Amino acid sequence: MENSPRTAGGQFSSVCKNKFHNEWREISLKTYPDDNQEFQLKRPKFAEIQQLESISGVKLRRGAKICEMCINHLHELNPWIGSFDAGKSLDHNYVSSHKPNLKRKNDDSEQPTDTSMPLKKDDFLTEEFLNTLESSELEKLAFLLGKIAGCNITTSSHEGLYKNNNFLQNLDLSAYLKTFDNTICKFLDGLKSSKRANSQDDYNKVKVHEHILHMLFPSIVLPLCFMENLLLYNKTSSRQATDLIGNGGPHGCYDVVKDWLGNQSMNQLQFPCGDCVVVFDNNQVIGRSWKVKLNNKVKSSVVTTICQIEYPGYGNIQSRNDLLPKFWHLDIIKLHNNVKEIPESVSNFHYRLLYTSIAEHLKVVVSEYQLTANGLTDKIDAEVSRQLTAEKSKSCHKCGYSNSKNKRICGNDLCRANLKQAEMDSLGVDELGTFTLRNKSENKQFSEVRLEFKCDQDGSYIIHKQTDCGDTSTLVNHLEMGHRDTPPKLSLSDPSFVNPNSFDSVRTVLRQIGLNAGIKIYKDGGTREWLFVVCDGLPYGLCQHVINTTYRCKNCDVATDSYTSKEQFLAHHELIHSNDEPDEFLEFSWVILRPGNGHFEMNMFKSFVELNWEVFFSDLCILMGFKSENAQRTAKSCSDNHKTWSLIRIAYEGLMQELMVPYIQHCVHDNTKITPKGFLHYVLVEAKDPNYLYVATMTLTYLQAIINMRAGLRCGNVEAIASAKAVFAPLFHSRNHPRYQEIEMQEAIQRHSIPQDLLNFFNETESVCLSGDKTSGEGLDFKAEAVNKDVQSWMPRGVPTGEDWLRVTRNLENLKMLREKAKQLTSSATSHRQSASRTTTHDEQIFGWRVYLRRKEYLSHPLETNRKHVSLSSQELDSDLINFNVLAEKRRQQYFNSKVNTNLSEETTLPPVFVTKKERQEYDLISNKTKSEIYDIIDGKINKLLDQDLKTSMSTEFRKLGSISKCKKDDLVRFHDILEDIHHQQDCGIDDICLD
């Protein structure tokens, strides 16, 4: 320790870092025996460090200190070191000694004069040299570098680049980096040099460069940041969000984004040359009214979006004149066998899918059962038992002890917890009473042996003991894929500036489509004879009327002249061409109208929910949280299609599995095989309970048809789509669904009348997949809905003008490409983190639904014959509801006769299928009927009078009331009551009938 250098205060601060300190001290003492002083530690100069490292072969760490004695000795060994005053030039502040610097003992005359070795510039541009600098020196150096770089940076190569759409769409970050100052680039490279390289480096470097430019030139807008702000505006449509990020960098504020969108090109869109399907749908923006004004009216802007989906490979089939609808052969016998009645092939396909679905669900239900001392039970029974016990007692959430309902403190002497507080703690409630954490529902597992299927040699299933549990399939996953390998291409046409909700506006839309597509009657050089046109429910009915009633005169043949009825055309003919024979044609005979299958499926949901709302669907919705009056109204109206689909799935899975429980118990009791065929026989032949039979009809027929429809659309399987529509059709006709009664019937007639050469094209356009994922197909009308949403996302704030609609529509493809490019660039930083896909399982909800059904014992006694037909909430149902299939099919057949065989149509329309007794009573009240309905009822009652004189007299009195439009409803009701009394007296055999 005595050889260690000491500070002036006599305390040890550190030791000299020279490797040869002790040896050099001994040499110094021998040379200068009187010099036994303590030396101050100093930070050596750069040249001194280099020489010490060269002598010792050891690298000195940054900030290492050497004693004065070693530095003096080093200078004695290397006199040239002093020829360059590095300390002075670099402004070092060494720690001063408390004593004057020790003079070297050798004489100046003894120093070599020509041995100096001047240092080069490169000696200071090294990491070793910079490590010797203190923080203040590095800060000064960094400042000088920034000052020099800032003087060299200009905006000449970056100004206005964000306005170049092609540059933005093809932005290459690596090439873009090279356009920035090299000094800053190298500085950023050095910052990242000690870290591992990754895919986001270029993105981060470009962002830094752009923000540096913004710091020097605050008004500049740069490409990458602008694309981020454009993406933000597209996702939020928020001026505040756009300005918030725009004011913090070179992103451009809202006005810049708006001006950029306003400066996009206005080149007219071209209609595709190949065979295609046209889809149109209305698109509207409703303005907001922020102030109260006199006669205030909310502003709105409505257009019709028109898009085309091109299907190559059919060899310009739309140029064939012989495929026009007017040349199709309408075979009445074929329509009777395939439309009025469900074809056997369609029925067989439905039941093949149903059979497969039953087999899958039987596996699930059987696998849930366990053999215990109490017999055959499953997890549903266990949960029902737990709930019944919970209603009579209160369990402690801390120890599980069962307490009586009036207890506040746990009766377990080892627990004694506050029951309410223990419950709150288990739910994760903080001190303010807020639910901050909810425990995930436990996956209830059973350790006992399970029962599972084993396939027998004859293809049937028998119970087999197994420990594993089967899973429920989410959808019918065994259908053949119908989508093509290369997805078809979607394109846009200019929108039509009308709302397609009237005959005139629909004519405008169809005429614009015909002109754009080059239909021959509109264009001399046109190549198309016909087009598939797809729309949703309301425009479909309007188009159907317009197609059949809009005429053009061949003698005039002016595109702007059309006549909305045959009478109007004849009036024109008499006025202009009275000397010629009438020569007219239907203007829109080139339209082959198709319903959108997306909206068709939505109306399947609505009609099913409306029919079964009082029976069981209302209870299901309450169980799923739709409890308030508004929530119930929302669920019944099916306003949210995704939630409605989830409710349909839950209803289907739960009802299907609970229908199987009595059958499985019956088979276990009788020791018979459990098979899908046996289950169907049990339902159709052995079951007697009206509740069980009705639910089985709804589940196995109509819910299964909905499931098949969704699976068919997803996979593009035409057989599944066609069978689902045919099987579900009677439900549309069972009650008041006039729009889709018409659509369903017209589409069925069209399907069985279309020429064979057109059938493949017709079938392929039932569903479309544009993404390449062959399980993501949907109706063509939903593609128009997606386009509408996309168009609105680029609209400026407020109510758009016609120019806004045109500009966004004409540039939508470029804007989408730009958006995808922005997503690609901005997501590179998180591309390695893939978010988990959204789960589509409803296991917990299905479990709760099954528990609810099991507790109600609604489907538990199918073999009992004396049970009343009631709803799940015990409301008495109509006595004819059990015959739903028969009544619904009769109404559909009557509708078919009215459309095809008008001479076979029945005189009176059959009443709808009633669900509840109350509904029938309200319908039977004559005061609740329309004047037309009352008029028909009176006419029918008069015809049923037996006395001919009385019949003539009543007919005369009835005519005095006048026509339907002129007579009053109250007078009709009074006349009906008189007829009711007459019929009552006639039925009772009373001879004297008073006609006061």
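One can find the structure itself at the top, above this paragraph.
Overview of the structure. In this text the structure is predicted, and so the values were computed from the model without any measurement.

Brief notes about the packing of aromatic side chains
With the rule as written, the count across this model stands at 32 aromatic pairs. For the ring pair Tyr311 and Phe761, a centre distance of 5.9 Å and an interplane angle of 65° mean the geometry is edge-to-face. Here Tyr311 is found in the loop between strand E4 (300–310) and helix H14 (332–340), whereas its partner Phe761 is found in helix H28 (residues 756–764), with 450 residues between them in sequence. Across the pair, exposure class does not vary: Tyr311 and Phe761 are buried alike. Taking the centre distance of 5.4 Å and the plane angle of 65° together, the rings of Trp530 and Phe532 count as edge-to-face. Note on Trp530: relative accessible area 0%, which makes it buried. For Phe532, a relative accessible area of 0% puts it in the buried group. Through successive ring pairs, a cluster of aromatic residues spans Tyr311, Tyr314, Trp530, Phe532, Phe761 and Phe762. Above the plane of the ring of Phe532 lies Arg594, whose end atom (NZ or CZ) is 5.0 Å from the centre. Cation over ring: Arg710 sits above Trp645, and NZ or CZ is 4.2 Å from the ring centre.

Focus on helix H30 (residues 802–810)
Counted residue by residue, H30 has seven buried out of nine residues, so it is predominantly covered. Residues of H30 that are buried include every one of Asp804, Trp805, Leu806, Arg807, Val808, Thr809 and Arg810, and no others. In this structure, the buried residues of H30 make contact with helix H13 (254–262), strand E3 (276–286), E4, strand E11 (489–492), helix H29 (780–793) and helix H31 (812–826).

Digging into the pattern of salt bridges
Following the criterion strictly, the structure yields 51 salt bridges and no others. Put simply, Arg751 and Glu766 hold a salt bridge, and the shortest N to O gap is 2.0 Å. Separated by 15 residues along the polypeptide, Arg751 in helix H27 (residues 738–751) and Glu766 in the loop between H28 and H29 bring together distant segments of the chain. Neither Arg751 nor Glu766 differs from the other in exposure class; each is buried. One network of salt bridges, with partners in common, ties together Glu368, Asp378, Lys379, Asp381, Glu658, Arg850 and Arg854.

As for the pairing of E3
Taken residue by residue, a regular strand's side chains alternate between the two faces of the sheet. For E3, the buried fraction is high: eight of the 11 residues fall into the buried class. In the sheet, E3 pairs with E4 via 11 bridges, with the strands oriented antiparallel. Its bridge partner being in E4, Val278 is matched across the sheet by Gln308. Pairing of E3 with strand E12 (residues 531–535) involves three bridges; the strand directions are parallel.

Topic: the packing of helix H26 (residues 718–734) against H27
Running from N to C, H26 and H27 cross one another at 140°; their axes reach a closest spacing of 10 Å. In this view, H26 runs oblique relative to H27, as classed from their interaxial angle. Crossing handedness for the pair H26 and H27: left-handed. Residues Val718, Ala722, Lys725, Ala729, Phe732 and His733 of H26 pack against Tyr740, Gln741, Glu744, Met745, Glu747 and Arg751 of H27.

Conventions we followed
Residues numbered from 1 in each chain as written. Predicted model: local features only at pLDDT ≥ 70, side-chain atom pairs only at ≥ 80, totals over all residues. Heavy atoms only, no water. Phe/Tyr/Trp six-rings, centres within 6.5 Å; stacked < 30°, edge-to-face > 60°. Helix = DSSP H or I, 4+ residues; strand = E, 2+ residues; numbered from the N terminus. Buried < 20%, exposed > 50% of the residue type's maximum accessible area, 1.4 Å probe, protein only. Lys NZ or Arg CZ within 6 Å of the ring centre and 35° of its normal. Contact = heavy atoms within 4.5 Å. Salt bridge = Lys/Arg side-chain N within 4 Å of Asp/Glu carboxyl O. Pairing = 2+ DSSP bridges. Axes fitted to C-alpha atoms, helices over the stretch in contact; angles between N-to-C directions. Parallel < 35°, antiparallel > 145°, perpendicular 65-115°, else oblique. Left-handed = near helix turned anticlockwise from the far one by under 90°.

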